[in-house]
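Single-letter residue listing:
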Amino acid sequence: QCQLSGVWRNDQDSLMEISVLRDNGDFQGQYLTRVTLARGCAQISPLRGAQQQLGEEGWPTFAFTVRWDKFSNATTAFVGQCFVDAGGKEMLSTTWLLREAVGSLEEDWKATR
């Protein structure tokens, strides 16, 4: 079974720490993106999310948001699933959307990556 709580490193060397899951699947933690490290601004940003509760077996799905604290006007939403590979290594497979603030409705087209 895949355990979502703990420290995770992604392919770009960003770090994420997820606290122990609550009984209802809610969790919180912190995210340190490599982008902030490259700019010399290593700020930790808060994250909050929820895991779909499963029985003893299965690969749980989850979603969380990161509010980039003090260095960006953006919010990112992640959705994914936790797996264990053939060697026993836990992995998260995720997709994300980043939304930056823009000054007008006319600029809305360029706000999401």
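Rules behind the numbers
Residues numbered from 1 in each chain as written. Predicted model: local features only at pLDDT ≥ 70, side-chain atom pairs only at ≥ 80, totals over all residues. Heavy atoms only, no water. UniProt positions renumbered as here; feature names shortened; annotations may be inferred. Helix = DSSP H or I, 4+ residues; strand = E, 2+ residues; numbered from the N terminus. Buried < 20%, exposed > 50% of the residue type's maximum accessible area, 1.4 Å probe, protein only. Contact = heavy atoms within 4.5 Å. Areas by Shrake-Rupley, 256 points an atom, 1.4 Å probe, with all protein chains shown as cover. Pairing = 2+ DSSP bridges. 1 Å grid on protein atoms, 1.4 Å probe; cavity = no way out; pocket = protein on both sides within 12 Å on 5 of 7 lines; lining within 4 Å. Points joined across faces, edges and corners; volume = space filled by probe spheres on them. Nonpolar A, V, L, I, M, F, W, Y, C, P; charged D, E, K, R; others polar. Phe/Tyr/Trp six-rings, centres within 6.5 Å; stacked < 30°, edge-to-face > 60°. Core = buried A, V, L, I, M, F, W, Y, C linked by side-chain atoms within 4.5 Å.

- In the nomenclature of an unreviewed UniProt entry, the chain corresponds to Avidin from the organism Sylvia borin.
- In UniProt, the chain has this text filed under Sequence similarities (unreviewed entry): "Belongs to the avidin/streptavidin family."
- In its Subcellular location (unreviewed entry) section, the UniProt entry covering the chain states "Secreted".

**Points about the overall build of the chain**
Right, on to step 1. Across its full length, the chain holds 1 helix and 7 strands.
Right, on to step 2. Ordering the α and β elements of the chain from the N terminus gives β-β-β-α-β-β-β-β.
Right, on to step 3. Sorting the 113 residues of the chain into buried and exposed places 25% on the buried side.
Right, on to step 4. Sequence-distant contacts in the chain: of pairs separated by 6 or more residues, those separated by 24 or more amount to 28%.
Right, on to step 5. Surface exposure of the chain reaches about 7,600 Å², of which carbon and sulfur atoms provide 50%.

**Section: the pairing of strand E1 (residues 6–9)**
Right, on to step 1. Note that E1 and strand E2 (residues 15–18) share 4 bridges and pair antiparallel. By the bridge assignment, Trp8 is partnered in E2 with Met16.
Right, on to step 2. With antiparallel pairing between neighbouring strands as the criterion, E1 and E2 make up a hairpin whose turn holds 5 residues, including Asp13 at a positive phi of roughly 70 degrees.

**Quick notes on the layout of surface pockets**
Right, on to step 1. A volume near 980 Å³ is recorded for the largest pocket.
Right, on to step 2. Surrounding the largest pocket, 31 residues form its lining, Asn10, Gln12, Ser14, Tyr31 and Phe78 being those nearest its centre.
Right, on to step 3. Secondary-structure elements contributing two or more residues to the lining of the largest pocket are E1, E2, helix H1 (34–38), strand E6 (74–84) and strand E7 (90–100).
Right, on to step 4. With 8 residues, the single largest contributor to the lining of the largest pocket is E7.
Right, on to step 5. Here the lining of the largest pocket is composed, by residue class, of 15 nonpolar, 8 polar and 8 charged.

**As for the side chain of Ser14**
Right, on to step 1. Mapping Ser14 onto the fold places it in the loop between E1 and E2.
Right, on to step 2. We classify Ser14 as buried; its relative accessible area is 4%.
Right, on to step 3. If sequence neighbours within four positions are ignored, Ser14 has contacts with Trp8, Arg9, Tyr31, Leu32, Thr33 and Arg34.

**Comments concerning the packing of aromatic side chains**
Right, on to step 1. Tallied over the entire structure, the rule returns 6 aromatic pairs.
Right, on to step 2. The rings of Phe27, Tyr31, Phe62, Phe64, Trp68 and Phe78 are connected pair by pair, giving a single aromatic cluster.

**As for the nonpolar core**
Right, on to step 1. Ranked by size, the top nonpolar core spans 16 residues in total, and within it Met16, Phe27, Tyr31, Leu47, Phe64 and Val66 carry the most contacts.
Right, on to step 2. Taken together, the elements giving at least two residues each to this core come down to E2, strand E3 (26–32), strand E5 (61–67) and E6.

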